[in-house]
There are 2 protein chains.
Amino acid sequence: MNRRWVLVARPEGLPRATDFAWQEEAIPTPGPGEVLVRSIYLSLDPAMRGWMSHDTYIPAVELGAVMRGGAIGVVEASNHPGFAVGDQVQGMLGWQTHCVVDGRALLKLPELPVPLGARFGLLGHIGFTAYFGLLDIGAPKEGETLVVSAAAGAVGSLVGQIGKLKGCRVVGIAGSDSKCEWLTKDLGFDAAINYKTENLHKALKAHCPKGIDVYFENVGGKTLETVLNHMNLFGRIPVCGMISGYNNTEATPGPNNLFQLIVKRLKMQGFLVTDYMPRATEAVKDLVGWYGAGKLQYRLDITEGLENAPTAFLKLFDGSNQGKVVVQAGPEN
Amino acid sequence: MNRRWVLVARPEGLPRATDFAWQEEAIPTPGPGEVLVRSIYLSLDPAMRGWMSHDTYIPAVELGAVMRGGAIGVVEASNHPGFAVGDQVQGMLGWQTHCVVDGRALLKLPELPVPLGARFGLLGHIGFTAYFGLLDIGAPKEGETLVVSAAAGAVGSLVGQIGKLKGCRVVGIAGSDSKCEWLTKDLGFDAAINYKTENLHKALKAHCPKGIDVYFENVGGKTLETVLNHMNLFGRIPVCGMISGYNNTEATPGPNNLFQLIVKRLKMQGFLVTDYMPRATEAVKDLVGWYGAGKLQYRLDITEGLENAPTAFLKLFDGSNQGKVVVQAGPEN
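All values derive from a computational prediction rather than experimental measurement.

Rules behind the numbers
- Residues numbered from 1 in each chain as written.
- Chains lettered and ligands numbered in written order.
- Predicted model: local features only at pLDDT ≥ 70, side-chain atom pairs only at ≥ 80, totals over all residues.
- Helix = DSSP H or I, 4+ residues; strand = E, 2+ residues; numbered from the N terminus.
- Rg over C-alpha atoms; globule rule 2.2 N^0.38 Å.
- Buried ≥ 20, exposed ≤ 12 C-beta atoms within 10 Å, placed from the backbone.
- Core = buried A, V, L, I, M, F, W, Y, C linked by C-beta atoms within 7 Å.
- Contact = placed C-beta atoms within 7 Å.
- Axes fitted to C-alpha atoms, helices over the stretch in contact; angles between N-to-C directions.
- Parallel < 35°, antiparallel > 145°, perpendicular 65-115°, else oblique.
- Left-handed = near helix turned anticlockwise from the far one by under 90°.
- Nonpolar A, V, L, I, M, F, W, Y, C, P; charged D, E, K, R; others polar.
- Domains from an automatic or database assignment.
- Pairing = 2+ DSSP bridges.
- Least-squares fit on C-alpha atoms with pLDDT ≥ 70 in both.
- pLDDT = per-residue confidence, 0-100.

Caption draft 1: Just the overall build of chain A, in detail. For chain A, the helix and strand inventory stands at 10 helices and 15 strands. Taken over the C-alpha trace, chain A has a radius of gyration of 20 Å; the compact-globule value for 333 residues is 20 Å, and the two agree within 12%. Projected onto the principal axes, the alpha-carbon positions of chain A cover approximately 60 × 45 × 35 Å. For chain A, with 333 residues in total, the buried portion stands at 50%.

This is how it looks when you write it as structure tokens:
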């Protein structure tokens, strides 16, 4: 049987388990040019919150359709010459155990000296977002100060480590003491701020004595407002996400100090990882190289069983995840 | 006698005439290396509002000091080898008829085929702000759509005309029908929107059928919020000013849709004209060339008499000015 989660309601505010309905159906048969894939790891990402509600950079998921999601899987049947049974592949397979997909929309995973889970924790949309957002837009220079919000998240934890590799002073903002400890003890961040218990303004003053040159923005809201006041002249702000607003039922005001953009001559620039896909090989080379040399770590936050996908998804919004959230829908082999 | 306006109070909200005090004193005598300048044109600019209240990109004007301001004048006495009596010069001469200034802080005006008033209306901080903000940060391409706010202002009116010279569709936002008529009839804008009488969202939809590629930001506030929803993918927003907030007594919220930066992959970048001074000759060459060829106009909004400087200054905030606001403190010759 193919088991799957279908979107049945558009949430207001926090998503609920009841926004999804569990269905079982016979495993579908691939038509001409199509491939049947059994999912192994399903990626859960903050951007999915937008997909549930409204059109953003891609259309919203239709009600009654399988919830959209990227996944890694293994080919079980193929009518496409580019894929053979047993191939490991990646694509938008959705929240389901089995997916029939057009071979043209599927990526055969290239051989790389990394575990399968690294395709989400270190590479793919997570790793490329961190790599290009920081290096292409943030353009950190040796000796500069980099601040990262949602620093213990999948992207943020890579951003900070890459900043260290580039010679920056790196300060992370995260939501628990254990996350902060992971950042400083295990990942080599120079400092980490628990925004739930510390005064962010004072903590940034203490930990960024030379001000902030690059702010990698994952959360938006009041955090952005506070950070703007600490930016240095000609600072850069890659805008990757603004998770603090994703569950708001009403549009919430932006920072009241955007005038700082002029005073400090700041650049704020949004980006999507898809824009950088033509340059993916650059990122793979560096990320795999750093990982192999023991200079870059990733952490997966794995939930077992596709039936637990909605619960795992909510971790992204209550801050209880540490590292990249994935659901293991089936065994690797 | 030297007549002058001294800052005596820090305004909350709109500046008042009583924030300044009129003083007369003997004309000072230049010391070694100093130059005595008689002012001709005093430039009045929105940024001065910030200088009255608090440190921004430069320190606030001290209470009891002559109000800061750029001016053009003529040398009446010189103890500096670089300046002779009769030379036309430019510098931060303040709101006064006569100023003794260190020769090192003074610019001798190069000979150019433009009227004296063009040093403020077409060139100097106004012209260079329009030129570099639009071309360096906005980077408009032929066929793209450019929207300018405060479009009938000193900077905005040049920005729109330069946009036309670069082959853009240009839409201005201004605050009266007569301003809008000037933009479309005299300056060649493709359309102009009176934000006081029209619905900005609907008007942008009508006049920017292909969306907005470059938004030259002079006003901030709700205008920015509305424009963000009309930006095209990979749009650019040079942030020159945010005059809508300069007289606010409390910090006002920013746009509630900064998430559009990500969806549209937008770049918002603040700048100050001073950063571009090393490249001033590029701007002078083009601006003077376009002006000489009849392709670029400027308009001065001249108030006669230094005693009227506070009144003229307030025009910037009630929207009654049209073109570059200057005070004529004395005759050109």
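Caption draft 2: Summary view of the nonpolar core. With 198 residues, the main nonpolar core has Leu 42, Val 147 and Leu 183 of chain A together with Leu 42, Val 147 and Leu 183 of chain B as its most contacted residues. Sequence-distant contacts of Leu 42 of chain B, that is, excluding residues within four places in its chain, are made with Gly 69, Ala 71, Trp 95, Leu 306, Ala 309, Val 326, Val 327 and Ala 329 of chain B.

Caption draft 3: Examining the packing of helix 6 (residues 200-207) of chain B against helix 7 (residues 221-228) of chain B more closely. All names here are of chain B. Two elements in contact, helix 6 and helix 7, have axes whose closest approach is 10 Å; the angle formed by their N-to-C orientations is 45°. The pairing of helix 6 with helix 7 is recorded here as oblique in orientation. The chirality of how helix 6 crosses helix 7 is right-handed. Judged by residue contacts, Leu 200, His 201 and Leu 204 of helix 6 engage Thr 223, Thr 226 and Val 227 from helix 7. Across the contact of helix 6 with helix 7, the residue classes tally to 3 nonpolar, 3 polar and no charged.

Caption draft 4: Summary view of the domain arrangement of chain A. Residues and elements named next belong to chain A. Segmenting chain A into domains produces domain 1 (2-120 + 299-328) and domain 2 (124-276 + 284-290). Relative to domain 2, the C-alpha centre of domain 1 lies at a distance of 28 Å. Of the residues lining the interface, 20 residues belong to domain 1; the matching set on domain 2 comes to 16 residues. Breaking the side of domain 1 that touches domain 2 down by element, the ones donating at least two residues are helix 1 (48-53) and helix 2 (118-121). Classifying every residue of the side of domain 1 that touches domain 2 gives 8 nonpolar, 7 polar and 5 charged.

Caption draft 5: Structural view of the interface of chain A and chain B. Taken together, the contact between chain A and chain B spans 29 residues of the former and 29 residues of the latter. As judged from the 3 bridges shared by strand 13 (residues 267-270) of chain A and strand 13 (residues 267-270) of chain B, these two strands associate in the antiparallel manner. Counterpart to Lys 267 of chain A in the pairing with strand 13 of chain B is Gln 269 of chain B.

Caption draft 6: Up close: the relation of the copies chain A and chain B. For these two chains of identical sequence, chain A goes onto chain B by a turn of 180° and a shift of 0.0 Å along the axis, with RMSD 0.0 Å. Interpreted geometrically, this transformation is the action of a two-fold axis. Residues of chain A ranked by C-alpha distance from the rotation axis are headed by Gly 254 of chain A, positioned 2.0 Å from it. The fraction of interface residues of chain A whose copies in chain B are also interface residues reaches 100%, indicating that both copies meet through the same surface.

Caption draft 7: Local environment of helix 7 of chain B. Residues Thr 223, Leu 224, Glu 225, Val 227 and Leu 228 of chain B constitute the buried set of helix 7 of chain B. The elements touched by buried residues of helix 7 of chain B are strand 8 (145-149), strand 9 (169-174), helix 6, strand 11 (212-216), strand 12 (231-239) and helix 8 (260-263) of chain B.

Caption draft 8: Layout of the environment of Asn 333 of chain B. Looking at where Asn 333 of chain B falls in the secondary structure, it is placed in the segment after strand 15 (324-328). Residue Asn 333 of chain B is classed as exposed on the basis of its 7 C-beta neighbours within 10 Å.

Caption draft 9: Representation of the sheet that holds strand 10 (residues 191-194) of chain B. Taken in spatial order, the 12 strands make up an open sheet running 10(A)-9(A)-8(A)-11(A)-12(A)-13(A)-13(B)-12(B)-11(B)-8(B)-9(B)-10(B), and their pairing is mixed. The strands lining the two open edges of the sheet, one partner per strand, are strand 10 (191-194) of chain A together with strand 10 of chain B. On average, adjacent strands in this sheet sit at an angle of 15° to one another, irrespective of strand direction. Its contacts with the sheet place helix 5 (residues 177-186) of chain B against strand 9 and strand 10 of chain B, and it is angled at close to 170° to strand 10 of chain B.

Caption draft 10: Representation of the packing of helix 3 (residues 124-138) of chain A against helix 9 (residues 280-292) of chain A in the model. All names here are of chain A. At a closest axis distance of 10 Å, the pairing of helix 3 and helix 9 adopts a crossing angle of 95°. Here helix 3 lies roughly perpendicular to helix 9, going by the angle between them. Along the contact surface, helix 3 presents Gly 127, Phe 128, Tyr 131 and Phe 132, while helix 9 presents Ala 280, Ala 283, Asp 286 and Leu 287. Residue composition of the contact of helix 3 with helix 9, grouped by class: 6 nonpolar, 1 polar and 1 charged.

Caption draft 11: Region of the structure containing the environment of Glu 304 of chain A. As for its position among the elements, Glu 304 of chain A is in strand 14 (residues 300-304). Residues Glu 304 of chain A and Tyr 215 of chain A lie 89 residues apart in sequence; the distance between their C-alpha atoms is 34 Å.

Caption draft 12: Representation of the confidence of the model for chain A. On average, residues of chain A carry a pLDDT of 95, and 100% of them reach 70 or more. If you check the scores for this complex, the pTM reads 0.91 and the ipTM reads 0.89.

Caption draft 13: Region of the structure containing the environment of Ala 21 of chain A. Turning to its location among the elements, Ala 21 of chain A is positioned in strand 2 (residues 20-25). Setting aside residues no more than four positions away along its own chain, Ala 21 of chain A makes contact with Val 6 and Val 8 of chain A.

Caption draft 14: How the structure looks around unusual backbone geometry. All names here are of chain A. For Ala 150, which is not glycine, the phi torsion reads 50° and is therefore positive. With respect to the helices and strands, Ala 150 occurs in the loop between strand 8 (145-149) and helix 4 (154-165). Positive phi outside glycine occurs at Arg 265, with the angle close to 55°. The exposure class of Arg 265 is buried, given the 21 C-beta atoms found within 10 Å.

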